[in-house]
Amino acid sequence: MSSIIRTALTQARADLRAVFFSPAVIGVLLGPAFILGWAYYLSDRVSDDMPLSVGGFMLVSTIGVFSTMIVMQLSSEMSSERLDGTLLRVRTLPHGALSWAIGKTLSNVVLQGILQTVIMVGAFLLLPPLGISGSQWLVTIGLVLFTICATAPLGFMVGALARGVYSQMFLFFGTMIVVATSGAFFPITILPTWLQYLHMPLPFYWAGHLSRWVLLGADGASYDFAGGSQPLLAAGILLAWMIGGFALATWSINRSFRKLSLSSLASMQSAMRSQLGV
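Residues numbered from 1 in each chain as written. Predicted model: local features only at pLDDT ≥ 70, side-chain atom pairs only at ≥ 80, totals over all residues. Heavy atoms only, no water.

Student: Break down the overall build of the chain for me, with residues and values.
Tutor: Across its full length, the chain holds 12 helices and zero strands. Counted from the first residue to the last, the chain has its helices and strands arranged as α-α-α-α-α-α-α-α-α-α-α-α. Across the 278 residues of the chain, 50% fall into the buried class. Contacts in the chain between residues at least 24 apart in sequence constitute 79% of all its contacts with a sequence separation of at least 6. Accessible area for the chain stands at about 13500 Å²; split by element, carbon and sulfur atoms hold 71% of it. (Helix = DSSP H or I, 4+ residues; strand = E, 2+ residues; numbered from the N terminus. Buried < 20%, exposed > 50% of the residue type's maximum accessible area, 1.4 Å probe, protein only. Contact = heavy atoms within 4.5 Å. Areas by Shrake-Rupley, 256 points an atom, 1.4 Å probe, with all protein chains shown as cover.)

Shown next as structure tokens:
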């Protein structure tokens, strides 16, 4: 077991080094920059129904929902490493799939934690005072880590489904649409009722729900489904996604690795070149 952990830590360090010590760091920071910029732009717009400015509400909701970006990050990395042959090489190593999955989870948890810290520090420096105490921010950090762990398995499952450029783009934009309509950028209550119900079993909505409950308390309840805060239900759904998700993710990762071979890799690379018109 110790060798698996050492291998996972080595991979996590290598993944983080590739992000923060290369031009890729610019792309990674674009997400927090966009959220802070948009929140700052809306910081002077107020609504009689909101305890905060429109920008403040969006930022509070986004803190929870942004953690779920690990789904797209993990699925994208899994798809690209499958196509470039990395996963096939990992398969040949003892406990390679398990070490790879743990390393990917660790590196993305750290990455998302850093990005969330950038958002929270930026909000403190750029936006008008939100009336949020230091203890609330500390609880929010724990919430962020909980949300990341709850949604990470979904990233592996989505990545296992993406087998080419088209399927990866479809899954990526599909996830973006779900996140955009989860109530992070506007109150979910303005959506049709049937669409609100579609979000009920998903972790994206409940991540934002918990962050609003922690940072706004009862003031944020009117923007949620059924008009009330339900922190225990939210935590329970996220916990179910974490426990059940890791069980399903383990199965999907093992199944995906078993299908890897030199012939399947050559077939996927040929299909990708054909789809790209190369």
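There's plenty left to go through after this.
Student: Got a sec to walk through the nonpolar core? Specific residues and values, please.
Tutor: Of all hydrophobic cores here, the largest spans 62 residues; its most connected members are Trp100, Phe156, Ile253 and Phe257. With 11 residues, the top contributor of residues to this core is helix H7 (residues 134-161). (Core = buried A, V, L, I, M, F, W, Y, C linked by side-chain atoms within 4.5 Å.)

Student: Quick one: what's the story with a nonpolar patch on the surface, residue by residue and with numbers?
Tutor: Together, Tyr40, Val121, Phe124, Leu125 and Leu126 make up a nonpolar patch on the protein surface, roughly 590 Å² of accessible area in all. It is helix H6 (residues 96-126) that contributes the most residues to the nonpolar patch, four residues altogether. Assignment of secondary structure puts tyrosine 40 in helix H2 (residues 24-41). (Patch = residues over 30% accessible without salt bridge, like charges linked within 9 Å, V, L, I, M, F, W, Y side chains within 5 Å. Salt bridge = Lys/Arg side-chain N within 4 Å of Asp/Glu carboxyl O.)

Student: A description of the packing of aromatic side chains should follow, citing residues and the corresponding values.
Tutor: Taken as a whole, this structure holds two aromatic pairs when the rule is applied. A centroid spacing of 4.8 Å and a plane angle of 70° characterise the contact between tyrosine 205 and tryptophan 206, whose relative ring orientation is edge-to-face. Across this residue pair, the class does not change: tyrosine 205 and tryptophan 206 are buried. (Phe/Tyr/Trp six-rings, centres within 6.5 Å; stacked < 30°, edge-to-face > 60°.)

Student: How would you summarise the pattern of salt bridges if you had to cite specific residues and measurements?
Tutor: Any two side chains of opposite charge can pair, so long as their charged atoms come close to each other. What the rule picks out here adds up to two salt bridges. Among the salt bridges present, the one from lysine 104 reaches aspartate 15, with a minimum N-O distance of 3.3 Å. With a gap of 89 residues between them, lysine 104 in helix H6 and aspartate 15 in helix H1 (residues 2-20) connect regions that are remote in the sequence. Relative accessible area serves as the criterion here: at 2%, lysine 104 is assigned to the buried category. We note a salt bridge from lysine 104 to glutamate 77, for which the minimum N-O separation is 2.8 Å.

Student: Report on helix H11 (residues 231-258), specifying residues and quantitative values.
Tutor: Helix length check: H11, at 28 residues, gives a terminal C-alpha distance of 40 Å against a target of 40 Å (1.5 Å per residue), a fit within 8%. The largest bend along H11 reaches roughly 30° and is located at glycine 245. Among the residues making up H11, those that are buried are Ala234, Ile237, Leu238, Met242, Gly245, Ala249, Ser252, Ile253, Ser256 and Phe257. (Expected span 1.5 Å × (residues − 1). Bend = angle between axes of the 7 residues up to and from the residue.)

Student: Kindly report on the side chain of asparagine 108, identifying the contributing residues and their values.
Tutor: Inspection of the secondary structure puts asparagine 108 in helix H6. A distance of 2.8 Å separates the side chain of asparagine 108 from the backbone oxygen of lysine 104, its partner in a polar contact. With residues near it in sequence (within four places) discarded, asparagine 108 still touches Ile70, Gln73, Leu74 and Glu77. (Polar contact = N/O pair within 3.5 Å; in protein donor to acceptor, adjacent residues only side chain to side chain.)

Student: Requested: an account of the layout of surface pockets, with residues and values cited.
Tutor: The computed volume of the largest pocket comes to approximately 540 Å³. Class assignment for the residues of the lining of the largest pocket results in 15 nonpolar, seven polar and one charged. (1 Å grid on protein atoms, 1.4 Å probe; cavity = no way out; pocket = protein on both sides within 12 Å on 5 of 7 lines; lining within 4 Å. Points joined across faces, edges and corners; volume = space filled by probe spheres on them. Nonpolar A, V, L, I, M, F, W, Y, C, P; charged D, E, K, R; others polar.)

Student: Lay out the side chain of threonine 175 with the relevant residues and their values.
Tutor: Inspection of the secondary structure assignment puts threonine 175 in helix H8 (residues 165-180). Residue threonine 175 is classed as buried on the basis of its relative accessible area, which comes to 11%. When near neighbours in sequence (up to four residues on either side) are disregarded, threonine 175 contacts Val71, Met72 and Phe204.

Student: Account for empty space enclosed by the protein, naming residues and giving values.
Tutor: Summed over all chains, the structure comprises one cavity of 30 Å³ or more. If you add up the space inside the largest cavity, you get close to 40 Å³. Asp15, Leu16, Val19, Gln73, Glu77, Ser107, Asn108 and Leu111 together form the lining of the largest cavity.

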